[in-house]
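Examining the three-dimensional arrangement
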Amino acid sequence: MRNFSDHGDVGEVWFGEDSEMRIISWLSRNEEIPSDAPIIDLGCGNGMMLIELAREGYTNLTGVDYSQKAVDLAKAVVKAQDIECIKLESCDILSDEFPSKQYIVVHDKGTYDAISLCPDNASAKRKKYMVNVSKILAPEGVFIITSCNWTAEELLDHFSEDFKMACVIPAPAFKFGGKTGSLVSSVVFKKKTDVS
């Protein structure tokens, strides 16, 4: 907050602005997601992803973070940008009381990674995260996750019980030791629907 107040530094953009722009570009090309679709950013941090979405014309934006200080910073940044279509609140995606409003787009850039690195029962926390994401994702919605810890194949394995992969958003690749990979994996999931 002091850095932002003193000289406008909003802080870190996880995985860089290029990663944000790839996701926003994918969203803007998707005709099934109107500009007024409810979108939530899980672990919104400084709110910059939401600000970029607002700049692209999205009008129904929510950001949540378990850190009240992150939410306070995001609110200050959003206010300085004079953007009114972003709602920010402090809440924990791992909580049993996590709000159950449904969203057309559920976005995560790094939150699942942070949960996965938790030294205290990370496996159970990942499962709770999946349950809550499934609860808030509308049946026709998309869940977009960007990870630097997990490959697209690993994410598909983790989420395969309740979700199916719709696509992978391409990221720049590199080659090392005869293998090709990327610094991040961005995967779009949809909810599995029961076939009766």
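Analysis parameters
- Residues numbered from 1 in each chain as written.
- Predicted model: local features only at pLDDT ≥ 70, side-chain atom pairs only at ≥ 80, totals over all residues.
- Heavy atoms only, no water.
- Salt bridge = Lys/Arg side-chain N within 4 Å of Asp/Glu carboxyl O.
- Helix = DSSP H or I, 4+ residues; strand = E, 2+ residues; numbered from the N terminus.
- Buried < 20%, exposed > 50% of the residue type's maximum accessible area, 1.4 Å probe, protein only.
- 1 Å grid on protein atoms, 1.4 Å probe; cavity = no way out; pocket = protein on both sides within 12 Å on 5 of 7 lines; lining within 4 Å.
- Points joined across faces, edges and corners; volume = space filled by probe spheres on them.
- Nonpolar A, V, L, I, M, F, W, Y, C, P; charged D, E, K, R; others polar.
- Lys, Arg positive; Asp, Glu negative; His and termini not counted.
- Polar contact = N/O pair within 3.5 Å; in protein donor to acceptor, adjacent residues only side chain to side chain.
- Contact = heavy atoms within 4.5 Å.

**Quick look at the pattern of salt bridges**
A full pass over the atoms with the stated rule returns seven salt bridges. Taking the shortest distance from any N to any O, the salt bridge between Lys109 and Glu20 comes out at 3.8 Å. Pair noted here: Lys109 is in strand E4 (residues 103–109) and Glu20 is in helix H2 (residues 16–29), with a separation of 89 residues, a long-range link. In this structure, Glu32 engages Lys190 in a salt bridge whose closest nitrogen and oxygen atoms are separated by 3.7 Å. Placement of the pair is Glu32 in the loop between H2 and strand E1 (39–42) and Lys190 in strand E9 (residues 185–191), with a sequence separation of 158 residues. Residue classification places Lys190 among the partly exposed positions, given a relative accessible area of 27%.

**Remarks on empty space enclosed by the protein**
Here the structure, examined in full by the defined rule, presents one cavity of 30 Å³ or more. Approximately 30 Å³ is the volume found for the largest cavity. In terms of lining, the largest cavity is formed by Asn30, Glu32, Ile33, Glu140, Val142 and Lys190. Taken together, the residues of the lining of the largest cavity break down into two nonpolar, one polar and three charged.

**A closer look at the side chain of Lys191**
Checked against the element boundaries, Lys191 lands in strand E9. Buried charged residue Lys191 carries no salt bridge. Nearest counter-charge: Glu140, at 8.2 Å. Looking at Lys191, its side chain comes within polar contact range of the main-chain oxygen of Ser134, at 2.7 Å. Polar side-chain contacts of Lys191 include one of 2.7 Å to the backbone oxygen of Leu137. Ignoring sequence-local partners within four residues, the contact set of Lys191 consists of Gln102, Ser134, Leu137, Ala138, Pro139, Asp162, Phe163 and Lys164.

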